[in-house]
Amino acid sequence: MLFPVREHAIKAFTQLFELLPDADRNKAVLLLHGAHTSYRNDTDRELPFRQQESNFYYLTGCDLPDAHLLLVSARGTDLQTRPLIRLFIPPQDPELIMWSPAPPTVAEATQIYSPEHISSVHTSPELLMMLEETLKAFPAAIIHTLPPYPSPFPEQPHEVVHRYAGRFMHAYLLHALHKARLIKTPEEISLIRTANDISSRAHEVVMRLLGKGVRGLVHTEKGKPALPGEWLIQKEAEAEAVFVASCRREGAVHQAYLPIVAASTRAATLHYCCNDKDFAWGPVTNGHAHSADLVHDESRNLVPQVLLIDAGAEYRNYASDITRTMPVGNGGEFTREAREIYALVLEMQTESIKILKPALHWDAVQLLCHRILIKGFLTLGIFKGTEQDVLASGVSAAFFPHGVGHSLGLDVHDVPSASKPVEAPLPSEVAKHTNSKFYDYLRLRLPLEASMVVTVEPGCYFSPHLLSPVRNSPYIDHEVLRKYEPVGGVRIEDVVVITPGGCEVLTSVGKDVGWVEGVCSGNM
């Protein structure tokens, strides 16, 4: 698949010209830099080059470190539809080739990186000369670059800064690129789909391995290391290892973000990052039958608990972001309380996905989730009072504190300056039926458009930290609440692309209660 470099460049210039003052809208020069190679201390080894700087990759499709990009467009000329795109790659260094693979030659790179779109490929030492030639041809042009702070964008080459810093403009390019990247091209959607396919299978691999353990189908030979088919998942780290291995063997070398693998009540921590605890175990027993429980040995049973995995691989730098919550212990089935909370979160997600379409404001999806949560909690007896009084109080934010989703693309929380405008007043149809607490942590605050890619990830959590301020709420039956607190947390997350008539879910791993329990119990 040819990466649509020229289409991306035209989109970026179009957005930039709309943002610029009238006097500067006729021509523009863009200068971007790829991420640098970093080294781990005292190892003589590079750190993994996980992802090219996202804006640079968007405009080049090039994932080489230490590369540079020079683009030129001028309205009313051929450069408006065919921008000048010059890619600069690091030269081959004989001293380094002995230790590390050589970068491609200019001839090789010309064939690799969108040969029909990129105007020419050069080596990095030619950048200063080419920039000087460009500015002679466009003497009044401003050099638009990414801001030097607060974001950690790659530094400008010293010789470029020394000569041309006075002509740099940082105020517009990042926002223009974010606006261009917000609406995905078909090629981008295809890459995101592949990342989601790989990650969906990895989630299912974890569930099926849990199910094999429950059924007693995993056997190891004493005195020998366990082979992959003999692994039991008994710890958060083991679940993470299986997930990552499944992704890597399918060609997704890197994760789009550090996986969140939280068992038991740790699932109440939204961005739990430790992934280093054993599953919760019950008291020691003697001689019990263990065919219905995943166990270390014959003397311990797992405490019934949830395992929340929020993880997604990236494919060719495009992200996925999937969360599944699954039962551990109890023969691979949820407890009654966990099943009720899971079913409620699934309803929140299902009803949200049903209403997604162009022009729908994302705040309306957030409000719908709170309404469903409140109605469900009233049915379960956790809340008391009227639905409208509970909604107005904002108490449901203690159980569902985050946004229902975010934009996704080259970054997991993609294009923040475009997806969450600085000024984001509540739509009038939402404002009169809501509480402002519901929108404190949203990463998406605008109407949907076709070809946007978003996540839909409602959750319900019983976090001591979040519940502390509402312990005296008159809208909570605290005796009933205590029965549900051991659940910890449930989140279900899929990736969705907005279509002209609605949406398409790109995540393929199952999530219905019967399917999840069937797989995790080893019965499917």
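Data block above holds the structure.
These numbers were taken from a predicted model, which means no experiment stands behind them.

> Describe the overall build of the protein, with residues and values.
What the protein contains, in helices and strands, is 17 helices and 20 strands. The globule rule puts the C-alpha radius of gyration for 524 residues at 24 Å, and the 26 Å found for the protein is close to it. For the protein, with 524 residues in total, the buried portion stands at 52%. Here the analysis covers contacts within the protein between residues at least 6 apart in sequence; of these, 75% occur between residues at least 24 apart. Of the roughly 23200 Å² that the protein leaves accessible, carbon and sulfur atoms contribute 54%. Each charge class in the protein was averaged separately, 48 positive and 61 negative side chains, and the resulting centres sit 4 Å apart.

> Before we move on, could you go through the packing of helix H8 (residues 186–214) against helix H9 (residues 236–249) and cite the residues and values that matter?
Each pair of packed helices can be summarised by the angle the axes make with each other and by the distance between the axes. At a minimum axis distance of 8 Å, the contact between H8 and H9 shows a crossing angle of 140°. Accordingly, the angle class assigned to the pair H8 and H9 is oblique. Of the two elements, H8 crosses H9, and the hand of that crossing is right-handed. Between H8, through Ile198, Ser199, Arg201, Ala202, His203, Val205, Val206 and Leu209, and H9, the contact on the second element is made entirely by Ala239, Val242, Phe243, Ser246 and Cys247.

> Before we move on, can you summarise helix H10 (residues 336–355) with the specific residues and values?
Compared with an ideal rise of 1.5 Å per residue, which puts 20 residues at 28 Å, H10 spans 29 Å between its outermost C-alpha atoms and is within 8% of the ideal. Those residues of H10 that sit buried are Glu337, Ala338, Ile341, Tyr342, Leu344, Val345, Leu346, Met348, Gln349, Ser352 and Ile353.

> How would you sum up the environment of glycine 522? Please name residues and give values.
With respect to the helices and strands, glycine 522 occurs in the segment after helix H17 (513–520). Taking the relative accessible area as the measure of exposure, glycine 522 reaches 23% and is therefore partly exposed. As a C-alpha pair, glycine 522 and lysine 212 span 310 residues in sequence and 5.5 Å in three-dimensional space. Ignoring sequence-local partners within four residues, the contact set of glycine 522 consists of Gly211 and Arg215.

> Describe the packing of aromatic side chains, and please don't skip the residues or the numbers.
Applying the stated criterion to the full structure yields 10 aromatic pairs. Chaining the aromatic ring pairs together yields one cluster made of Phe377, Phe383, Phe399 and Phe462.

> Before we move on, can you summarise the side chain of glutamine 305 with the specific residues and values?
You can see glutamine 305 is positioned in strand E12 (residues 305–311). Within the local environment of glutamine 305, its side chain forms a polar contact with the backbone oxygen of alanine 280, the two atoms lying 2.9 Å apart. When neighbours within four sequence positions are excluded, glutamine 305 is seen to be in contact with Ala263, Ser264, Phe279, Ala280, Met326, Pro327 and Val328.

> Account for the nonpolar core, with residues named and values stated.
In this structure, Leu307, Trp362, Phe377, Phe399 and Phe462 are the most contacted members of the largest nonpolar core, which totals 91 residues. Formed by 48 residues, the second largest nonpolar core is a distinct cluster that contains Leu16, Cys62, Ile118 and Leu174.

> Explain the environment of glycine 405 to me, and be specific about the residues and the numbers.
Topologically, glycine 405 is positioned in the loop between helix H12 (387–393) and helix H13 (416–419). Taking the C-alpha atoms as reference points, glycine 405 and glutamate 493, separated by 88 residues in sequence, lie 8.4 Å from one another. Not counting residues within four places of it along the chain, the set of residues in contact with glycine 405 comprises Trp362, Arg443, Leu444, Thr455 and Glu457.

> I'd love a proper account of the sheet that holds strand E4 (residues 68–74), names of residues and values included.
One open sheet holds the 6 strands; their spatial order is E6-E5-E4-E1-E7-E8, and the pairing between them is mixed. This sheet does not close on itself; its edge strands, each paired only once, are strand E6 (120–123) and strand E8 (168–169). Where strand E1 (residues 27–33) and strand E7 (residues 143–144) come together, 2 bridges link them in parallel fashion. Across the sheet, the residue bridging to valine 29 is isoleucine 143, located in E7. In the packing of helix H1 (residues 5–19) onto the sheet, contacts are made with E1, E4, strand E5 (84–89) and E7, and the angle to E1 comes to roughly 120°.

> Go over H17, please, and point to the residues and values.
In terms of residue burial, H17 counts as a mostly covered element, since 7 of its 8 residues are buried. The inward-facing, buried residues of H17 abut H8, strand E15 (322–328) and H10. After H17 finishes, the residue glycine 522 shows a positive phi value of roughly 80°.

> Now, about the pattern of salt bridges: what can you tell me, with residues and values included?
Taken as a whole and judged by the stated rule, the model has 23 salt bridges. For the salt bridge of aspartate 411 with arginine 181, the shortest nitrogen-to-oxygen distance reads 3.0 Å. Of this pair, aspartate 411 sits in the loop between H12 and H13 while arginine 181 is found in helix H7 (residues 173–182), placing the two residues 230 residues apart along the sequence. Note that arginine 339 is salt-bridged to glutamate 517, the shortest N-O span being 2.8 Å. You can see arginine 339 sitting in helix H10 and its partner glutamate 517 sitting in helix H17, a full 178 residues away along the chain. Connected through salt bridges with shared partners, the residues Arg181, Lys184, Asp411 and Asp414 form a single ionic network.

Conventions we followed
- Residues numbered from 1 in each chain as written.
- Predicted model: local features only at pLDDT ≥ 70, side-chain atom pairs only at ≥ 80, totals over all residues.
- Heavy atoms only, no water.
- Helix = DSSP H or I, 4+ residues; strand = E, 2+ residues; numbered from the N terminus.
- Rg over C-alpha atoms; globule rule 2.2 N^0.38 Å.
- Buried < 20%, exposed > 50% of the residue type's maximum accessible area, 1.4 Å probe, protein only.
- Contact = heavy atoms within 4.5 Å.
- Areas by Shrake-Rupley, 256 points an atom, 1.4 Å probe, with all protein chains shown as cover.
- Lys, Arg positive; Asp, Glu negative; His and termini not counted.
- Charge placed at Lys NZ, Arg CZ, Asp CG, Glu CD.
- Axes fitted to C-alpha atoms, helices over the stretch in contact; angles between N-to-C directions.
- Parallel < 35°, antiparallel > 145°, perpendicular 65-115°, else oblique.
- Left-handed = near helix turned anticlockwise from the far one by under 90°.
- Expected span 1.5 Å × (residues − 1).
- Phe/Tyr/Trp six-rings, centres within 6.5 Å; stacked < 30°, edge-to-face > 60°.
- Polar contact = N/O pair within 3.5 Å; in protein donor to acceptor, adjacent residues only side chain to side chain.
- Core = buried A, V, L, I, M, F, W, Y, C linked by side-chain atoms within 4.5 Å.
- Pairing = 2+ DSSP bridges.
- Salt bridge = Lys/Arg side-chain N within 4 Å of Asp/Glu carboxyl O.

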